[in-house]
Amino acid sequence: MNNPTLNIMDPAMGNGAKTLRRVIVCAGTGCVANGAYKVIEAFKSQIAAAGINITTEFKAEEHQHDLRLNKSGCQGFCQMGPLVTILPDGILYNKVRVEDVAEIVSQTLVGGKVLDRLLYVDPATKKHCNGINDIPFYQRQQRFVLKECGTIDPEDVHEYIHHGGYMAAKKAFLKMSPEQIVQEILKSGLRGRGGGGFPTGRKWEAARIQKNAKKYVICNADEGDPGAFMNRSVMEGNPHSVLEGLMIAARAIGADETLIYVRTEYPFAVARMKRAVEDAQKMGFLGDNVFGSGQKLNCEVMEGAGAFVCGEETAMIASIEGQRGMPRPKPPFPAQSGLWGKPTIINNVETLAHVVRIINQGADTFRKLGSTASPGTKTFALTGHVANTGLIEVPFGTTLREVVLNIGGGITDRHGKVKADGFKAVQIGGPSGGCLTKDHLDLPLDYDSLRSVGAMVGSGGLVAMNQKTCMVNIARFFMDFTQRESCGKCVLCREGTRQMLSMLDDIIEGRATGETLVLLEKLAIAVQKGSLCGLGKTAPNPVLSTLRYFRHEYDAHVFHKYCPTGQCKALAKPSIDATKCKGCTACAKKCPVGAISGERKKPHVIDQAKCIKCGACADTCKFEAVVGV
Amino acid sequence: MRNQTKPECRGRKFVKVFTILDKYGRKPSRLVPILQAVQEEYRYLPEEVLTYVAMALDVSPARVFGVATFYSHFAIEPKGKHLIRLCDGTACHVKDSVPILDAIRKRLGLDEKHKTTPDMLFTVETVACLGACGLAPVVVVDDQVHGQMTPESGVKLIEDVMAKEQAQ
């Protein structure tokens, strides 16, 4: 090759070995939806056409090729996809289309030039960012679980091994006793990342001390929280890390059978986990003689069938046993009597991925980040009205302000523009969680501080909401969800959530009275107390937390029959703010029923009798003069 | 007993079910994956197949129907040729997924109760979350994910499918 840009030396390798140029295309769910696979195919043909010696496979000793093209799992910056990373240059191109590929190949790969038009532009500084080291979204994160997601090929076990993969499992099987493993996890203070935050080490110890020849470990990958996709991304991006964690857990409690229960709504995650298990079997990491230790270990991937309640441990066990996914009372805890009545531990995807790091680097290193009671990092799915939606990982104790306003890049309006005063609330923890307001912006995010304000970490879904979001409507949305997902076992959960939903319907449709609010709150507490599992116990949380922090919105709906944001159509009262209206006539022209009148350059008015509350006027107005719709 | 006496296979329809049952060792504990495989084959769970599965597994039909109706992934009514799934997870919801659903339903003359068009061409469903929250709001047409939708672009997706159907 005469091309100088293709012979970049990697300083880390030192000995003058040629570093393989790499083109990595993100193939997470988001990027695939935007055409990532077509981009990969285009790269394959265009790179070969440019005469560059290309490979798509990872081989540690490979030096005959000039460039390696591979797909990666979700890199977290989904809305900018498809993402293309070029290494070792460190360039990150976003929103790459098939049409852009030829130019990337000729200009960047051959010519060594950076294409500004495909770079991320920081909305705050308008600066073009070359790669992840310049983009605030990535810069402000500390990625451990997600570290390899985005560089390694999730379907290549050799690459995972090259990055130190399976070292922790090997150590656990050959050099550590089950007691030592459990002690290390206890020392690390690792708490379950699936929601409850129960200390992982204690769960393992409870199962380890059981005298039973048969034990099971289940990986809970039934990420049902709507608006969250942390586990999906880890499984899509680094499935072997989950499997390795699962193996360590099995060694710690003395299990020889493991199972990964994945949501069926995640087809890529299912496929990649299955592939990871197959590859691990071929490598002899799973099977009758794990790492030559003489121990047996099997793993199976099972798909869920779309029931939120199956994320609950005992419901998941019922589902695996071929029953309806209904929870049962605890104790006995699954660690004592779980799947088929045998000691069973169930850990979340992210928890298992952390285990690998703790065994590799030690509990002390793990504890260096995060707070004393909530050590380590946590992934969050940041979505809703923020400039940068995506997957992030930050140490526990990071403030909400840092996450939403700095990493998230601020709150956006309905047109996607960042608004300095747009922040209204953040919903954290999904249907079991609560809302946080402006007053909580400096609250450190960890298990205990969130619980103290009536919310919870949950699995890590963070949905940001702007001023145009009706909080009563959000409470209704979650109640509708839990009402549908209630398995029906406990009367208070089954009937109570249904009644709560109809009360919320009364509120948003203008039929409620002051009594409705009193009853709603009473019933919420009854449902919390009268339900067996986490679903029912936490189902009223969104209602209680919005009642606590946004009481005035409920009051407006109930007593004034008015929805301040105009989202509840029955109670929307669109009007034009005369001080803001410039009389441009745009809204009058757009109104489908001719309800808006007014002279040119003078404030317009809406005829309430004609208005159908469609909101077209508000969408059209450039001066934000239309309010209440 | 159940592993020895294979129930008589009435008609061609059950041949596939037979293979599926064998693949899972005719174990009642594998009911969920069995039903998933059956649904993959028939696109829904016909009543007579469910009864047949119950018989083959030596469990009561009520148990099989109980499981089939418990999980939202299972359909006991036939679905249309094209499956339109609209995500109504939190992220999609706050980004106005409901007007998209309304627009698509209106275009196809469907509502909350009527999910499949009379010509069996379209079924419109909502799902809780597809995990593609970064692209919210999301519409999935036959496993193809479309992000950042609007009511207009949602209807256009439907019309594109219709146009393709008519061309055939």
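Residues numbered from 1 in each chain as written. Chains lettered and ligands numbered in written order. Predicted model: local features only at pLDDT ≥ 70, side-chain atom pairs only at ≥ 80, totals over all residues.

1. Things to note about the overall build of chain B
The condition that has to hold: Going along the chain from the N terminus, every DSSP run of H or I of four or more residues is numbered as a helix, and every run of E of two or more is numbered as a strand. Working definition of burial: number of other C-beta atoms within 10 Å of the residue's own, with buried at 20 or more, exposed at 12 or fewer, and partly exposed in between, all C-beta atoms being placed from the backbone. Contacts here follow a simple rule: the backbone-placed C-beta atoms of the two residues must lie within 7 Å.
When you go through chain B residue by residue, the secondary structure sums to 7 helices and 4 strands. Here chain B, with 168 residues, has 38% of them falling under the buried criterion. Looking at chain B alone, contacts between residues at least 24 apart form 58% of all its contacts between residues at least 6 apart.

2. Some remarks on the overall build of chain A
Along chain A, the regular secondary structure elements total 24 helices and 22 strands. Reported as C-alpha extents along the three principal axes, the dimensions of chain A are approximately 80 × 65 × 40 Å. Put simply, 69% of the contacts in chain A that link residues at least 6 apart link residues at least 24 apart.

3. Quick look at the environment of A:Arg548
All names here are of chain A. Its location among the elements puts Arg548 in helix α21 (residues 541–549). Judged by local crowding, Arg548 falls into the partly exposed class, with 14 C-beta atoms found within 10 Å. In the structure, Arg548 is positioned 247 residues away from Val301 in sequence and 42 Å away in space, judged by C-alpha atoms.

4. Quick look at helix α10 (residues 239–253) of chain A
Given 3.6 residues to a turn, an α-helix orients residues that are three or four positions apart in the same direction. Where we set the bar: Multiplying 1.5 Å by the helix residue count minus one yields the expected span of that helix.
Look at α10(A): 22 Å from first C-alpha to last across 15 residues, which is about the 21 Å you get at 1.5 Å a residue. Summarising burial for α10(A): 15 of the 15 residues are buried, a large majority.

5. Description of the packing of α10(A) against helix α11 (residues 267–282) of chain A
Residue and element names in this part refer to chain A. This is how it is decided: Fitted lines through C-alpha atoms serve as axes, helices being fitted only where they are in contact, and the angles separating the N-to-C directions of these axes extend from 0 to 180 degrees. Comment on the angle field: the value is read as roughly parallel under 35 degrees, roughly antiparallel over 145, roughly perpendicular from 65 to 115, and oblique elsewhere. Two helices that cross are described as forming a left-handed crossing if the nearer one is turned anticlockwise from the farther one by less than a right angle, and a right-handed crossing if clockwise.
Packing of α10 against α11 leaves a shortest axis separation of 9 Å and a crossing angle of 60 degrees. Between α10 and α11, the crossing angle belongs to the class labelled oblique. You can see that α10 and α11 cross each other, and the crossing is right-handed. Counting all contacts with α10, which are made through Pro239, His240 and Leu243, the residues of α11 involved are Arg272, Met273, Ala276, Val277 and Ala280.

6. What to know about the confidence of the model for chain A
Where we set the bar: Predictor confidence is given residue by residue as pLDDT, running from a minimum of 0 to a maximum of 100.
For chain A, the average pLDDT comes to 91, and 97% of its residues sit at 70 or higher. Counting interchain partners and residues more than four positions distant, the pLDDT-below-50 stretch residues 1–16 of chain A has 15 contacts.

7. Examining the interface of chain A and chain B
When the parts come together, some accessible area is lost, and that loss is often what is quoted as the size of the interface. Short version of the rule: Under the grouping applied here, Gly and all other residues not named as nonpolar or charged are polar, the nonpolar ones being Ala, Val, Leu, Ile, Met, Phe, Trp, Tyr, Cys and Pro and the charged ones Asp, Glu, Lys and Arg.
Chain A puts 40 residues into the contact, and the matching count from chain B is 32 residues. Elements represented by at least two residues in the side of chain A that touches chain B include exactly α1 (29–33), β10 (298–303), β12 (377–384), β18 (461–466) and α17 (471–485) of chain A. When its residues are assigned to classes, the side of chain A that touches chain B shows 14 nonpolar, 21 polar and 5 charged.

8. Let's talk about the pairing of strand β13 (residues 390–395) of chain A
Residues and elements named next belong to chain A. Our working rule: Paired strands are those between which DSSP finds at least two bridges.
Most of β13 is tucked away: 6 of the 6 residues are buried. Pairing between β12 and β13: 6 bridges, direction antiparallel. Within the sheet, the bridge partner assigned to Phe380 lies in β13 and is Ile392.

9. Section: unusual backbone geometry
Put simply, A:Leu87 and A:Pro88 share a cis peptide bond, and its omega is 0 degrees. Note on placement: A:Pro88 falls in the loop between β4 (84–87) and β5 (91–93). Cis geometry marks the peptide bond from A:Lys330 to A:Pro331; its omega dihedral reads -5 degrees. One can find A:Pro331 in the loop between α12 (313–320) and β11 (344–348). Although it is not a glycine, A:Lys95 adopts a positive phi angle of roughly 50 degrees. With respect to the helices, strands and loops of the structure, A:Lys95 is situated in the loop between β5 and α3 (98–110). Judged by the 16 C-beta atoms lying within 10 Å of it, A:Lys95 falls in the partly exposed class. In this structure, B:Asp142 takes a positive phi of about 45 degrees despite not being glycine. Examined against the element boundaries, B:Asp142 turns out to sit in the loop between β3 (139–141) and β4 (144–146). Take B:Asp142: there are 10 C-beta atoms within 10 Å of it, and that puts it in the exposed class.

10. Looking at the nonpolar core
The tendency in soluble globular proteins is for nonpolar side chains to be buried side by side. Residue and element names in this part refer to chain A. Operational definition: Defined on buried residues, the nonpolar core groups Ala, Val, Leu, Ile, Met, Phe, Trp, Tyr and Cys residues joined through C-beta atoms within 7 Å.
By size, the foremost hydrophobic cluster in this structure holds 242 residues, and its most contacted members are Leu246, Ile248, Ala249, Ile260 and Val426. Considering each element in turn, this core owes the most residues, 9 residues, to α10. If near-sequence neighbours (up to four positions away) are discounted, Ile260 is found in contact with Cys219, Ala221, Leu246, Met273, Cys299, Val301 and Met302.

11. Points about the packing of helix α7 (residues 178–188) of chain A against helix α8 (residues 200–208) of chain A
The geometry of a pair of packed helices is captured by two quantities: the angle between their axes and the separation between those axes. Residue and element names in this part refer to chain A. For the pair α7 and α8, interaxial distance at closest approach is 7 Å and the crossing angle is 155 degrees. Classed by the angle they form, the pair α7 and α8 counts as roughly antiparallel. The chirality of how α7 crosses α8 is left-handed. Residues Pro178, Val182, Ile185 and Leu186 of α7 touch α8, and the partners they reach there are Thr200, Gly201, Trp204, Glu205 and Arg208.

12. A short note on the pairing of strand β9 (residues 257–262) of chain A
Residue and element names in this part refer to chain A. Using the following cut-off: For crossovers, right-handed means that the path from the first strand over the helix to the second runs clockwise, given strands pointing away from the viewer.
Buried residues dominate β9, accounting for 5 of its 6 residues. Here strand β8 (residues 216–221) pairs with β9 via 6 bridges, running parallel. Each residue of the ladder has a partner; that of Val217, found in β9, is Thr258. Where the polypeptide runs from β9 across α11 and back to β10, its parallel neighbour, the crossover connection is right-handed.

13. Here's the deal with the sheet that holds strand β3 (residues 67–72) of chain A
Residues and elements named next belong to chain A. Across the sheet, which stays open at both edges, the 5 strands sit in the order β2-β3-β1-β4-β5 with mixed pairing between neighbours. Edge positions in the sheet fall to β2 (54–55) and β5, since each has one partner strand and no second. Of the pairings in the sheet, the one linking β2 to β3 comprises 2 bridges and is parallel in character. From the neighbouring strand, Ile54 faces β3, where its bridge partner is Leu67.

14. Some thoughts on the sheet that holds strand β1 (residues 82–87) of chain B
Residue and element names in this part refer to chain B. Read across the open sheet, the 4 strands follow the order β2-β1-β3-β4; overall the sheet is mixed. Strands with a single pairing partner mark the edges of an open sheet, and in this sheet they are β2 (122–127) and β4. Neighbouring strand axes in the sheet, compared pairwise and without regard to direction, differ in orientation by 20 degrees on average. Taken together, the 6 bridges between β1 and β2 define a ladder with parallel strand orientation. Bridging from a neighbouring strand, His82 pairs with Phe122 of β2. Strands β1, β2 and β3 of the sheet are contacted by helix α6 (residues 98–108), whose axis makes an angle of about 165 degrees with β2. Running over the sheet, helix α7 (residues 151–167) touches β1, β3 and β4 and is turned about 5 degrees from β3.

15. A closer look at helix α6 (residues 167–174) of chain A
All names here are of chain A. Cut-off, in case you're wondering: This arc describes the spread of directions from the helix axis toward the C-beta atoms.
Burial in α6 covers these residues: Ala168, Ala169, Ala172 and Phe173. The arc that holds every buried residue of α6, seen down its axis, measures 130 degrees, which confines them to one face. Residues of α6 that are buried make contact with α7, α10 and α13 (349–361).

16. Things to note about the confidence of the model for chain B
Residue and element names in this part refer to chain B. Looking at chain B, the pLDDT average stands at 89 and 92% of residues meet or exceed 70. Here helix α5 (residues 90–94) is the element of chain B with the lowest mean pLDDT, 90, and helix α4 (residues 61–70) is the one with the highest, 96. Across residues 1–10, confidence stays below pLDDT 50; counting only partners more than four residues off in sequence or on other chains, it has 10 contacts. Complex prediction metrics read pTM 0.91 and ipTM 0.88.

17. What about the environment of B:Ile76?
Residue and element names in this part refer to chain B. Within the secondary structure, Ile76 sits in the loop between α4 and β1. Assessed through the 13 C-beta atoms surrounding it within 10 Å, Ile76 is described here as partly exposed. For the pair Ile76 and Phe65, spaced 11 residues apart in sequence, the C-alpha to C-alpha distance is 9.1 Å. Ignoring sequence-local partners within four residues, the contact set of Ile76 consists of Tyr44, Leu45, Ala68 and Thr69.

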